[in-house]
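Breakdown of the fold
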Amino acid sequence: MLVLGFEDYCEAGQRLAKELGVTYAEVEVHRFPDGEHRITLPALLPERVIVCRSLFEPNEKLIDLLLLAGTARELGVKQLVLVAPYLCYMRQDKAFHPGESVSQRIVGKLLANHFDALITVDPHMHRTPNLAAAVPVGQALNLSAAVPIAGYLQGLPARPLLVGPDEESRQWVQAIAALTGLNYIIGEKRRSGDRNIEIALPEADVAGQDVVLIDDIISTGCTLARAAEHLLSLGARNVRCIATHILPNGGAAKELAKAGVVELLSTDSIQHPSNRIFLASLLAEAVHTIDWTDI
Ligand code: R5P
């Protein structure tokens with residue numbers, strides 16, 4: 001087995017290879033002046049290859065993956081597994097207006113046509129019943145970052161109150177609370193625009209508490225910033241934020257600092273300065289559960 005990675009996500013790819021005890025090799029991507037890509041793989045590949053890449057800002061990366069998969073097959077690879085800790089195009093899961101593309105379904109099929117198995121972490125799927133319904137590969141493994149996040153929290157000296165900003169965050173907050181024994185509350189979110197958000201919180205004794213806000217994804221940071229402001233106005237001693245995925249291009253770090261958040265932490269599903277929680281061992285465990293006879 002071999003892990004193939006890309007320069008933009010090489011450290012995480014190397015961590016995965018190390019955890020699996022296998023070799024890591026990097027795909028070389030040449031960008032022609034017209035924007036087309038040429039990729040080069042090691043000429044000698046084993047029959048079983050794991051491709052590791054975060055699919056944030058996905059369009060060019062998807063083309064690379066298609067080129068990679070086609071080339072790998074030509075070079076004799078029989079089992080090709082995609083490890084995409086951040087999976088793209090999961091949010092557009094229905095046509096909200098007539099004529100809109102249902103990107104989740106279309107991109108999901110595209111990936112399934114080229115890979116035999118998929119491993120991802122906390123994909124943003126609120127209406128799709130399971131990962132295989134979005135990406136119909138032979139084996140689709142949907143992991144939760146709750147365990148590594150809980151592990152991180154258990155290493156802290158304080159016992160914070162966990163807060164989810166909205167109902168959608170409940171599944172992660174509840175899972176982390178169950179693993180750590182920490183108390184939690186869940187707020188209610190009203191969104192009237194990308195950056196217009198109001199958060200209501202239930203009655204709870206927040207005064208003097210260390211608080212950790214938990215969400216699956218941070219984009220503009222407005223959801224957690226409004227929640228943090230509310231918590232601080234109720235007397236919280238300090239507020240930290242932890243998310244599985246932080247999108248680096250939404251200005252979240254600034255927004256959260258402005259709101260008084262003392263620390264922003266994320267997993268390495270997308271490379272970001274706030275990465276403190278590493279997914280390699282979770283991903284490697286999932287690779288070990290793949291039934292290779294079935295793909
Ligand atoms: C929504 O369903 C998600 O769980 C996040 O709360 C949301 O995507 C965060 O977006 P933003 O950081 O832009 O408020």
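Below or above, wherever it landed, is the structure these notes cover.

This part covers the site of the ligand. In the vicinity of the ligand, 15 residues are found, and the nearest of them are Glu168, Asp215, Asp216, Thr220 and Thr223. Within the side chain of aspartate 215, one N or O atom sits 2.6 Å away from an oxygen atom of the ligand. Interatomic distance of 2.6 Å between a side-chain N/O atom of threonine 220 and an oxygen atom of the ligand. The site holding the ligand turns out to be the largest pocket. Going through the elements one at a time, β11 (188-193), β13 (210-218) and α7 (222-233) are the ones with two or more residues in the shell around the ligand. Per element, the largest residue contribution to the shell around the ligand is 4 residues, and it comes from β13. Residues that form the shell around the ligand fall into these classes: 4 nonpolar, 5 polar and 6 charged.

Here the structure, examined in full by the defined rule, presents 14 salt bridges. Put simply, arginine 15 and aspartate 268 hold a salt bridge, and the shortest N to O gap is 3.0 Å. Pair noted here: arginine 15 is in helix α1 (residues 10-20) and aspartate 268 is in the loop between β15 (263-267) and β16 (275-277), with a separation of 253 residues, a long-range link. For arginine 15, a relative accessible area of 28% translates into the label partly exposed. Since its relative accessible area comes to 3%, aspartate 268 is described here as buried. A salt bridge links glutamate 229 to arginine 226, with the nearest nitrogen and oxygen atoms 2.9 Å apart. Of this pair, glutamate 229 and arginine 226 both sit in helix α7, separated by 3 residues, roughly a single helical turn. Connected through salt bridges with shared partners, the residues Arg226, Glu229, Glu255 and Lys258 form a single ionic network.

The rules behind each value
- Throughout, a residue's number is its position along its own chain's written sequence, starting from 1.
- Only residues with pLDDT of 70 or above have their local features reported here, since the model is predicted, and side-chain atom pairs are shown and tallied only from 80 upward, although totals for entire chains, interfaces and linings are computed over all residues.
- Note that water and hydrogens are dropped before the side-chain values are worked out from all heavy atoms of the structure.
- Whether a residue is near a molecule or strand depends on its heavy atoms: if one lies within 4 Å, it is near.
- What qualifies as a polar contact is a pair of N or O atoms within 3.5 Å, subject to a donor-acceptor requirement within protein and to the restriction that residues adjacent in sequence count only when both atoms come from side chains.
- A pocket here means an open set of points on a 1 Å grid, computed over the protein atoms alone, that has protein on both sides within 12 Å along at least five of seven lines. A cavity is instead a set of points where a 1.4 Å probe fits but cannot get out; residues with an atom within 4 Å of a point line either one.
- In this scheme, a molecule is assigned to a cavity or pocket if more than half of its atoms are within 2 Å of the grid points.
- Helix and strand definitions here come from DSSP, where helices need a minimum of 4 consecutive H or I residues and strands a minimum of 2 consecutive E residues; each element is numbered from the N-terminal end.
- When residues are grouped by polarity, Ala, Val, Leu, Ile, Met, Phe, Trp, Tyr, Cys and Pro land in nonpolar, Asp, Glu, Lys and Arg in charged, and all others, Gly among them, in polar.
- In what follows, salt bridge is the name for a side-chain nitrogen of Lys or Arg lying within 4 Å of a carboxyl oxygen of Asp or Glu.
- Burial classes: relative accessible area under 20% of the type maximum marks a residue as buried, over 50% as exposed, and values in between as partly exposed (1.4 Å probe, protein chains only).

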